[in-house]
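Analysis of the macromolecular model
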Amino acid sequence: MHMIDNALLTATLSRAAFLLVFLTVVLSQPKERYLWHWLAALVGSSLGAALMMRFPANGEPAMAVSLATYFLFMISLAGSWSGMRLFYHRRIDRRLLGALLLLPLLTFALLDLCHVALHYRRLVITAACVIPAALTVFEIVRPASERLFSSIVVALAFAAYTVVLAGTSAALLLDLAPATLEGLNYPSFAVDRVASILVYFGYIAMAGERANRALRQQAETDQLTGLANRHGAQRALSRLETARTADPESPRAGVLLADIDHFKRINDTHGHEVGDSVIVAVAARLRGTVRNGDVVVRWGGEEFLILLPGADSAAARAIAERLRDAMIRTPVHAAGHDIPVTLSIGIAEAAPEGETLSATIVSADRALYRAKRQGRDRICVDDAEQGDSATMIRPLS
Ligand SMILES: Nc1nc2c(ncn2[C@@H]2O[C@H](COP(=O)(O)OP(=O)(O)OP(=O)(O)O)[C@@H](O)[C@H]2O)c(=O)[nH]1
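Residues numbered from 1 in each chain as written. Predicted model: local features only at pLDDT ≥ 70, side-chain atom pairs only at ≥ 80, totals over all residues. Heavy atoms only, no water.

This part is about the nonpolar core. Phe-22, Leu-35, Trp-38, Met-84, Phe-158 and Tyr-203 are the most contacted members of the largest nonpolar core, which totals 48 residues. Mapped by element, the contributors of at least two residues to this core are α1 (3-28), α2 (33-52), α3 (63-87), α4 (94-113), α5 (118-141), α6 (151-173) and α7 (181-220). Among residues more than four places away in sequence, those in contact with Met-84 are Trp-38, Thr-136, Glu-139, Ile-140, Val-154, Tyr-203 and Met-206. Listed in part, the 32 residues of the second largest apolar core include Val-278, Leu-286, Ile-319 and Leu-323. (Core = buried A, V, L, I, M, F, W, Y, C linked by side-chain atoms within 4.5 Å. Buried < 20%, exposed > 50% of the residue type's maximum accessible area, 1.4 Å probe, protein only. Helix = DSSP H or I, 4+ residues; strand = E, 2+ residues; numbered from the N terminus. Contact = heavy atoms within 4.5 Å.)

Turning our attention to the site of the ligand. In the vicinity of the ligand, 16 residues are found, and the nearest of them are His-262, Phe-263, Asp-276, Arg-298 and Arg-376. Backbone polar atom of Phe-263 to an oxygen atom of the ligand: 2.6 Å apart, as the coordinates give it. Separating an oxygen atom of the ligand from a side-chain N or O atom of Arg-376 is a distance of 2.7 Å. Isolated, the ligand exposes 660 Å² of accessible area, and the fraction of that covered by the protein chains is 67%. If you list the elements that add at least two residues to the shell around the ligand, you get β2 (253-260), α9 (263-270) and α10 (272-289). No other element matches the 4 residues that α10 contributes to the shell around the ligand. (Near = heavy atom within 4 Å. Polar contact = N/O pair within 3.5 Å; in protein donor to acceptor, adjacent residues only side chain to side chain. Areas by Shrake-Rupley, 256 points an atom, 1.4 Å probe, with all protein chains shown as cover.)

As structure tokens, then:
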């Protein structure tokens, strides 16, 4: 057996093993269309490698075998590209996909009819392979809303394919490489061995990384309002806390706890679904009233935490007034009812070198409790600077 046969045989067997693993991944998430494209790509490259074993080392196989083999390799590269587009929620241009698959084969057959030397026919196929390989790299590196760590591995693999294919094309064009299978394939085999492993595992890692992110996002998001939930708030809290600890001169941060007044009555009068709509409307109003860098959290049932990085006490009070006014001015419209909603708000300030943010939230909660006790629809400030050891709770309205 030739060395090239050995190489092809082991490449084919290892591809078949990877394929089996990948198949289980696809079947576990059958709705992810990109996985089916990548599966087609992997099947294409496995069958292509198997068919290539039938190529004579120094000659040319039957035309049908050549075309079938090159078609499978085109499926492999074009499927990688189309799968990558679907992965990033991009539309696939069917005409481009068709051209990537068929144009090289048509050109190869046409050149054969015109008795063009094998050398140049193989050049056409090799050069055509560069396009989908480079496009796949482009789909990964172009700006996207989602950056996945594991995609780097796949991008590197396709960059290697692009370089080797382009290099082989240049060598064929300049007559530097023999058009024999051995001459053409030895450099690409070495790259293919490594790159195919990166691609197979990279695909699985990309799908897994995205699924993990989605799960984490889900766990940290309140499903009713779309705001961060208490669990999700921990990340923002530790980010702010780290910044405060690292820089003793860091700006203050305002902490507000806002609670809908007499919410139980709203539920009892209008029903739980209307109650839900009120919570959603209040969440949207809170989010719409604060700045982009501020953090709004659904802290509990009808309670919201608002973190205002950089806001001193006066700024936090002004924002709390704005929130309270926004609620008073416009009743919430839900299920045909205009429901008046008021908020009680507790404020505390995390001063530089002062208490931790978690402790500040406890202070804001104390101020909120006082606002409730004093009649609701009001703002109270837990102002440590006003007293010595005891904390002053000052109602603002
Ligand atoms: N519809 C709906 N109700 C909720 C949700 N979460 C909590 N609740 C209800 O909110 C009500 C809160 O009642 P309380 O804690 O007594 O507070 P309140 O009626 O707003 O009175 P104060 O806060 O003292 O002004 C409870 O009846 C909870 O069942 C939710 O997601 N949807």
